Amino acid sequence: MKNNLNYGVIGNCRTAALISERGSIEWLCFPDFDSPSVFAALLDRTKGGSFGFDVPDGYAVRQSYVPHTNILSTRFASDEGEFEVLDYMPCYRSFEKEHYLPAELYRYIRFVKGRPRFRIRYDPAPNYAQGEVRIRRTAGFIESYSSADNKDRQYLYSSIPLQAVAGREEIRLEKDEFLLLSYNEKVIPIDIEREKIEYCRTLVYWLNWTNRTRQYTCYNEVVERSMLVLKLLSYYNGAMLAALTTSLPETVGEVRNWDYRFCWLRDASMSIETMFRVGHTGAARRFMKFIQSSFMSRHDYQIMYGIRGERKLTEVILEHLDGYKGSKPVRIGNDAYHQKQNDSFGYLMDLVWQYYRLMPGTLDEIEDMWEMVKSILATVAEEWRNPDKGIWEIRGEEQHFVSSKVMCWVALDRGARIAAKLGKEEFAARWREEAEAIRRDVMEHGWKSEIQSFSQAYGNLALDSSLLLMEPYGFIAANDPHYRKTVEAVRKALFRKGLMYRYNSEDDFGVPSSAFTMCTFWLIRALFVTGQRNEAKTLFSQVLRYGNHLGLFSEHLDFDTKEQLGNFPQAYSHLAIVNTALLFAEEKERLDFIRP
């Protein structure tokens with residue numbers, strides 16, 4: 001089994017880095033998630049830039065997370081000696097109760113035993129490796145910048161002599177050392193004691209955060225790691241990224257390569273609801289404020305926003321980069337922001353309903369949210385009869401996708417519940433009536449007797465994994481014959497070698513050839529709720545083995561080799577892991593409770 005995305009991830013809710021299983025930083029954007037890369041060997045082995053350790057032959061390398069944290073340990077050991085690199089980005093609350101999230105990365109080199117040797121490979125390539133790299137060494141730091149943007153600079157500090165670092169000299173480790181890469185020139189002295197304080201503060205932050213996550217009697221480690229990944233994908237202002245990377249291909253050598261460092265309403269709503277479910281209400285509050293600030297200024301809603309609420313996300317191709325395993329083009333920005341995807345409102349409104357039901361805010365917050373609800377549902381009432389691009393962002397012709405209609409029903413259903421809770425019965429009645437009109441429309445045009453299943457779109461007989469979501473969002477009951485038959489049909493058409501297609505009909509880029517990781521978890525839930533629980537649990541255990549060496553998942557998997565593909569780590573995949581694990585964990589808790 002191949003798994004070439006064997007990277008660990010560290011971050012601090014401002015930016016993040018991907019670190020290979022041998023301790024090389026091969027993706028890092030400074031100062032924020034969507035900033036230009038400083039290291040991008042992930043997208044071009046020659047030009048992209050990296051930051052790692054070269055050790056002599058004979059060293060074994062082992063990587064793991066410090067338990068219950070997002071601090072990554074890479075351990076180098078041989079007969080001559082052993083050392084550990086602890087990578088982290090400072091993340092903690094300051095004395096003023098504010099979060100301290102600097103754009104910097106520490107590499108704490110901890111001496112273990114013997115006389116280990118290594119060379120430091122510091123090869124920055126700022127500004128997506130555009131322009132020539134300029135390096136200047138001073139008495140206190142190594143400064144780097146691109147000739148294409150000399151205002152965007154990085155500063156490397158170290159307890160190791162900078163001449164040895166810059167010259168890639170062999171270093172014999174005899175005590176603890178550190179490296180600090182910062183977007184800002186430091187204004188206070190940086191030494192090993194300062195580094196250890198930062199480490200301890202960050203360690204405590206992650207331990208406290210994990211401790212606030214609900215604990216389960218089974219699959220707890222799986223839930224915890226996925227929750228830590230989702231936390232790394234959240235920007236400090238509440239925005240939620242779909243993934244940390246750009247242009248990792250859905251299939252090697254093909255052109256389905258997109259920038260996912262943005263906040264999609266759909267992805268973010270699903271991620272935040274998952275965090276909310278296991279105890280992290282703060283994430284939900286921050287996301288709601290982000291959505292309100294993005295929505296309330298204008299009412300022409302988009303499916304996605306930049307992480308600071310930007311509305312224009314122009315797509316640009318970086319021709320000079322070869323792409324992951326030669327998969328061009330490399331894109332920054334995402335033109336999907338122009339698209340109409342009516343299903344997005346359903347996921348958002350489902351989350352808003354949870355907010356009203358479980359976590360009401362102050363009166364002004366509730367009233368602001370109510371105005372947003374009315375505006376969203378006015379849009380849904382106007383748009384649900386129209387075709388759109390659907391959940392999979394088809395870049396070709398708009399269609400009447402069944403999943404989009406269903407999620408419009410969800411939006412109106414949740415809106416009616418909110419209205420009833422607030423005593424707004426006129427709105428509740430109107431939205432219930434509109435929701436019922438959608439249900440009739442889906443049953444009339446979406447169900448196809450010739451295939452004994454709902455179809456992907458009104459105008460075709462294709463199958464689509466998103467049809468499995470009709471049950472969890474309450475549109476149809478698990479024991480309804482229409483749903484049971486749809487599960488059987490979707491499984492028969494899209495399940496291959498233990499994994500699921502999103503769909504296998506031709507789109508504007510041809511026929512998809514890889515499995516969409518989240519869709520397999522949707523199938524597992526569908527099997528579970530339709531009574532096939534042992535089969536569901538077996539499939540879940542099998543799919544978990546396809547994660548990388550740290551249990552992290554990308555967006556896609558190769559059907560044959562199970563190689564991870566697509567952007568990484570993927571919020572969709574990890575929220576689906578959590579929600580699926582909870583099926584089994586909560587069932588076990590129920591059974592344990594009723595046993596004598």
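Parameters at a glance
- Residues numbered from 1 in each chain as written.
- Predicted model: local features only at pLDDT ≥ 70, side-chain atom pairs only at ≥ 80, totals over all residues.
- Heavy atoms only, no water.
- Helix = DSSP H or I, 4+ residues; strand = E, 2+ residues; numbered from the N terminus.
- Rg over C-alpha atoms; globule rule 2.2 N^0.38 Å.
- Buried < 20%, exposed > 50% of the residue type's maximum accessible area, 1.4 Å probe, protein only.
- Contact = heavy atoms within 4.5 Å.
- Areas by Shrake-Rupley, 256 points an atom, 1.4 Å probe, with all protein chains shown as cover.
- Lys, Arg positive; Asp, Glu negative; His and termini not counted.
- Charge placed at Lys NZ, Arg CZ, Asp CG, Glu CD.
- Salt bridge = Lys/Arg side-chain N within 4 Å of Asp/Glu carboxyl O.
- Expected span 1.5 Å × (residues − 1).
- Arc of directions from axis to C-beta.
- Pairing = 2+ DSSP bridges.
- Axes fitted to C-alpha atoms, helices over the stretch in contact; angles between N-to-C directions.
- Polar contact = N/O pair within 3.5 Å; in protein donor to acceptor, adjacent residues only side chain to side chain.
- Core = buried A, V, L, I, M, F, W, Y, C linked by side-chain atoms within 4.5 Å.

An unreviewed UniProt entry lists the chain under the name Glycoside hydrolase family 15 protein, from Alistipes senegalensis JC50.

Tallying secondary structure elements over the chain gives 14 helices and 28 strands in all. Taking 25 Å as the expected radius of gyration for a compact globule of 596 residues, we find that the chain reaches 25 Å, a close match to that expectation. Each principal axis of the C-alpha atoms in the chain carries an extent, and together these give about 75 × 60 × 50 Å. Relative to its 596 residues, the chain shows a buried fraction of 62%. At a minimum sequence separation of 6, the contacts of the chain that also span at least 24 residues come to 65%. When the accessible surface of the chain is summed, it comes to about 23,000 Å², and 48% of that surface belongs to carbon and sulfur atoms. Positive and negative side-chain charges of the chain, numbering 77 and 81 respectively, have mean locations separated by a distance of 3 Å.

The next subject is the side chain of Arg-225. Secondary-structure assignment places Arg-225 in helix 4 (residues 220-232). One buried charged residue, Arg-225, remains without a salt bridge, the closest side chain of opposite sign being Glu-224 at 5.2 Å. Sequence-distant contacts of Arg-225, defined by excluding residues within four places in its chain, comprise Tyr-65, Val-66, Thr-69, Asn-70, Leu-550 and Leu-552.

Glancing now at helix 13 (residues 533-544). Helix length check: helix 13, at 12 residues, gives a terminal C-alpha distance of 17 Å against a target of 16 Å (1.5 Å per residue), a fit within 8%. Of the residues making up helix 13, those classed as buried are Ala-536, Leu-539, Phe-540 and Val-543. Down the axis of helix 13, the sector holding all buried residues measures 105°, keeping them to one side. Along helix 13, the residues that are exposed and aim more than 90 degrees away from the buried face are Asn-534 and Thr-538.

Turning next to the sheet that holds strand 11 (residues 104-114). The strand order across the open sheet built from 8 strands is 6-7-8-11-17-15-14-13, with neighbouring strands paired in antiparallel fashion. Among the strands making up the open sheet, the edge pair consists of strand 6 (60-65) and strand 13 (133-137). Direction aside, the axes of adjacent strands within the sheet are offset by 15° on average. Two elements, strand 6 and strand 7 (residues 72-78), share 6 bridges in a ladder whose sense is antiparallel. Paired with Ser-64 across the bridge in strand 7 is Ser-73. The strands touched by helix 3 (residues 192-211) are strand 8 (81-88), strand 11 and strand 17 (177-182); relative to strand 11, the strand with the most contacts, the crossing angle is about 105°.

Within the secondary structure, Thr-245 sits in the loop between helix 4 and strand 18 (263-264). Residue classification places Thr-245 among the buried residues on the basis of a relative accessible area of 1%. Within the local environment of Thr-245, its side chain forms a polar contact with the backbone nitrogen of Phe-568, the two atoms lying 3.0 Å apart. Once residues lying within four places of it in the same chain are set aside, the contact partners of Thr-245 are Leu-18, Trp-27, Leu-42, Trp-258, Asp-259, Tyr-260, Arg-261, Asn-567 and Phe-568.

Right, let's talk about the nonpolar core for a bit. Grouped burial of nonpolar side chains is what soluble globular proteins tend to show. Among the nonpolar cores identified, the biggest contains 201 residues, and Phe-118, Ile-120 and Ile-376 are the most heavily contacted of them. Those residues in contact with Phe-118 that sit more than four places away from it in its chain are Phe-53, Asp-54, Val-55, Phe-83, Ile-109, Ile-160, Glu-169, Glu-170, Ile-171 and Leu-173. Counting residues in each nonpolar core, the second largest holds 11 residues, with Phe-262, Trp-264, Ile-303 and Met-304 among its members.

So, about the pattern of salt bridges. When their charged atoms lie close together, side chains carrying opposite charge are able to pair. Per the counting criterion, the structure on display carries 45 salt bridges. Between Asp-54 and Arg-121 there is a salt bridge; the shortest N-O distance is 3.3 Å. Taken together, the residues Asp-54 in strand 5 (residues 50-54) and Arg-121 in strand 12 (residues 117-123) connect sequence positions 67 residues apart. Looking at Arg-121, the relative accessible area reads 17%, which means it is buried. Close ionic contact of Glu-250 with Arg-502 constitutes a salt bridge, the shortest N to O distance being 3.0 Å. Pair noted here: Glu-250 is in the loop between helix 4 and strand 18 and Arg-502 is in the loop between strand 25 (499-500) and strand 26 (515-516), with a separation of 252 residues, a long-range link.

Counted at 1.5 Å a residue, the expected span for helix 9 (residues 402-421) with its 20 residues is 28 Å, and the 29 Å between its end C-alpha atoms agrees. Of all 20 residues in helix 9, 17 are buried, a share of seventy percent or more. One or two residues past the end of helix 9 sits Gly-423, with phi positive at roughly 80°.

Relative to the elements of secondary structure, Arg-214 occurs in the loop between helix 3 and helix 4. Assessed through its relative accessible area of 38%, Arg-214 is described here as partly exposed. Between the C-alpha atom of Arg-214 and that of Asn-386, which follows or precedes it by 172 residues, the distance is 41 Å.

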